[in-house]
Amino acid sequence: NAYRMFLHIFFIAGLVLSLSVAGKAFSQPDAAFTDKEADIFIAEWIRLSEDNKNLDVVMTLYADDVEFYKQGTVKKAVIAEDKKKYFERWPQREHRVISIVVRPGSQDNVRQAEVLFHYKIRKGQKSLEGDARTLLSLRKAQGKVIIVSEKDLPAPLTPAASAAGA
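Residues numbered from 1 in each chain as written. Predicted model: local features only at pLDDT ≥ 70, side-chain atom pairs only at ≥ 80, totals over all residues. Heavy atoms only, no water.

Break down the environment of Glu-81 for me, with residues and values.
Counting through the fold element by element, Glu-81 comes out in helix H4 (residues 76–89). Residue classification places Glu-81 among the partly exposed residues on the basis of a relative accessible area of 39%. Sequence separation of Glu-81 and Leu-55 is 26 residues, and the distance between their C-alpha atoms is 10.0 Å. (Helix = DSSP H or I, 4+ residues; strand = E, 2+ residues; numbered from the N terminus. Buried < 20%, exposed > 50% of the residue type's maximum accessible area, 1.4 Å probe, protein only.)

Can you lay out the sheet that holds strand S5 (residues 126–141) for me, pointing to particular residues and giving the numbers?
Strand order in the open sheet formed by six strands is S2-S1-S6-S5-S4-S3, and the pairing between neighbours is mixed. In this open sheet, the two edge strands, each paired with only one partner strand, are strand S2 (73–75) and strand S3 (92–104). Within this sheet the neighbouring strands show an average axis-to-axis angle of 25°, counted without direction. (Pairing = 2+ DSSP bridges. Axes fitted to C-alpha atoms, helices over the stretch in contact; angles between N-to-C directions.)

Please provide a residue-by-residue account of the packing of aromatic side chains, values included.
What the rule picks out here adds up to one aromatic pair. Look at Phe-68 and Tyr-69: their rings are 4.8 Å apart centre to centre, the planes differ by 80°, and that puts the pair in the edge-to-face class. The exposure class assigned to Tyr-69 is partly exposed, which follows from its relative accessible area of 25%. Residue placement shows Arg-93 over the ring face of Phe-87; its charged tip is 3.8 Å from the ring centre. (Phe/Tyr/Trp six-rings, centres within 6.5 Å; stacked < 30°, edge-to-face > 60°. Lys NZ or Arg CZ within 6 Å of the ring centre and 35° of its normal.)

Talk me through the nonpolar core; I want residue IDs and the actual numbers.
Counting 29 residues, the largest nonpolar core has Ile-42, Trp-45, Tyr-62 and Leu-138 as its most contacted members. Going through the elements one at a time, helix H2 (35–48), helix H3 (55–59), strand S1 (62–68), H4, strand S4 (110–123), S5 and strand S6 (144–153) are the ones with two or more residues in this core. If one sorts the elements of this core by residue count, H2 sits on top with six residues. In contact with Ile-42, other than residues within four places in its own chain, are Ile-100, Ala-113, Val-115, Leu-136 and Leu-138. (Core = buried A, V, L, I, M, F, W, Y, C linked by side-chain atoms within 4.5 Å. Contact = heavy atoms within 4.5 Å.)

Summarise the pairing of S4; cite the residues concerned and give the values.
Here S3 pairs with S4 via 12 bridges, running antiparallel. Along S4, the bridge assignment pairs His-95 with Tyr-119. Counting the residues between successive antiparallel strands, the hairpin from S3 to S4 contains five residues. In the sheet, S4 pairs with S5 via 14 bridges, with the strands oriented antiparallel.

Can you lay out H4 for me, pointing to particular residues and giving the numbers?
Helix length check: H4, at 14 residues, gives a terminal C-alpha distance of 20 Å against a target of 20 Å (1.5 Å per residue), a fit within 8%. Along H4, the positions that sit buried rather than exposed are Ile-79, Lys-83 and Phe-87. Along H4, the residues classed as buried sweep out an arc of 70° about the axis, all on the same side. Taken together, the buried residues of H4 touch H2, H3, S1, S2, S3 and S6. (Expected span 1.5 Å × (residues − 1). Arc of directions from axis to C-beta.)

See the structure below:
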């Protein structure tokens, strides 16, 4: 009888210890968020953004609340509406990444990425082409990377533009 009581207490102590260890494992931040993961995510975000059929998929790449350009922190639905209008205004889009500079963010699971890309956008006979810079804040949570901030950066000076200003 005393032996059974000992086993019972030993079992409960082991269970409590196991749950405690498991709880710590689940509360730990995600495994390191690497620069390579950020690069891959950004390349996919840009690729998906070229096709109007991908709007729903593009929106899965955003957090529920995002710091979005000059609008401040907005809900994902606001971003979806903005992207939808942009996709309709410029139904033909091509993007080519020129460079991605990834820096550590405020936490281990956050990265800041400065993205320089070349774009060609068109609707019928109207078209625009140039280089743009965007600053993205990415967060990795539960194994998934999401955009938590998207902002414009000043456009880079092209050799022709800097020569014209000289």
